[in-house]
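Listed below are the residues making up each chain.
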Amino acid sequence: IWRERAKLEHQNERRKAAISEDPLNASSMTGREVFALPQHDPEMVIENTLYYGYTVFAGRPKCGKSWVALQIALAVANGAPLRGADNRSINPGRVEYLALEDSPRRTCGRMHKIVQDKESILLDNIEFCYNSKPMDRGGIESLEARLAEHKPTLVVIDTLRAFINGGPVGND
């Protein structure tokens, strides 16, 4: 029994040491350890609307997801208010936009309909990509290289299914 207890204490000490080095990379933690972690408010790209991290924007086909995603991307690229959310602050920055089911001509038409003040828009802050390798055959590596080069605040992948498959797949 003593050996087992010593072994468990040693494992517990190693786990606590690993947690103290980097508490968020621990493989397991007790409830007390989790509760003791420092709390931070999540950082926002758009106040009370869009947070840093992974967000899936899902809905039925043809309900306007791509239009809203483009509006959000343009608002972040310009640090300008988002339509319908004028009182929310936006953390401006570069945007990487994978428009995998669109063409430059279609994006251009949408942008002309969305943008109010065509004189002050900062279009150099948004980078569009219209094709990608399939995610599991070099697409992730290609995206990571683009992210390292451009260091965007926001990344839009429209659509995730097209990114997984490597091209247009229909009405998603």
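These notes cover the structure that comes with them.

Conventions adopted
- Residues numbered from 1 in each chain as written.
- Predicted model: local features only at pLDDT ≥ 70, side-chain atom pairs only at ≥ 80, totals over all residues.
- Heavy atoms only, no water.
- Core = buried A, V, L, I, M, F, W, Y, C linked by side-chain atoms within 4.5 Å.
- Buried < 20%, exposed > 50% of the residue type's maximum accessible area, 1.4 Å probe, protein only.
- Helix = DSSP H or I, 4+ residues; strand = E, 2+ residues; numbered from the N terminus.
- Contact = heavy atoms within 4.5 Å.
- Pairing = 2+ DSSP bridges.
- Axes fitted to C-alpha atoms, helices over the stretch in contact; angles between N-to-C directions.
- Patch = residues over 30% accessible without salt bridge, like charges linked within 9 Å, V, L, I, M, F, W, Y side chains within 5 Å.
- Areas by Shrake-Rupley, 256 points an atom, 1.4 Å probe, with all protein chains shown as cover.
- Salt bridge = Lys/Arg side-chain N within 4 Å of Asp/Glu carboxyl O.

Ranked by internal contacts, the top residues of the largest apolar core, which has 23 residues, are Ile46, Val76, Tyr97, Ile126 and Leu154. Those elements that provide at least two residues to this core are β1 (44-46), α3 (65-78), β3 (95-99), α4 (104-114), β4 (126-129) and β5 (154-158). In terms of residue count, the dominant contributor to this core is α3 (eight residues). Sequence-distant contacts of Val76, defined by excluding residues within four places in its chain, comprise Val45, Ile46, Ile90, Asn91, Pro92, Gly93, Val95, Thr153 and Leu154. In this structure, Leu98, Cys129, Ala162 and Phe163 belong to the second largest nonpolar core, which totals six residues.

With that settled, the discussion passes to the sheet that holds β5. Pairing within the open sheet is parallel, and its three strands lie in the order β4-β3-β5. Two strands in the sheet have a free side with no partner beyond their single neighbour: β4 and β5. Averaged over all neighbouring strand pairs, the angle between strand axes comes to 10°, with direction disregarded. Where β3 lies against β4, four bridges are found, and the strand directions are parallel. Residue Tyr97 lies in a different strand from β4, and its bridge partner there is Phe128.

Our next topic: a nonpolar patch on the surface. A contiguous nonpolar surface patch, about 420 Å² in accessible area, is contributed by Tyr54, Val56, Leu160 and Ile164. Relative to the assigned elements, Ile164 resides in helix α6 (residues 160-165). Residue classification places Ile164 among the partly exposed positions, given a relative accessible area of 38%.

It is worth spelling out the pairing of β3 at this point. For β3, the buried fraction is high: five of the five residues fall into the buried class. The two faces of β3 match: Val95, Tyr97 and Ala99 on one face and Glu96 and Leu98 on the other face are all buried. As paired elements, β3 and β5 share five bridges and run parallel to each other. Following the sheet pairing, Val95 is matched in β5 by Leu154.

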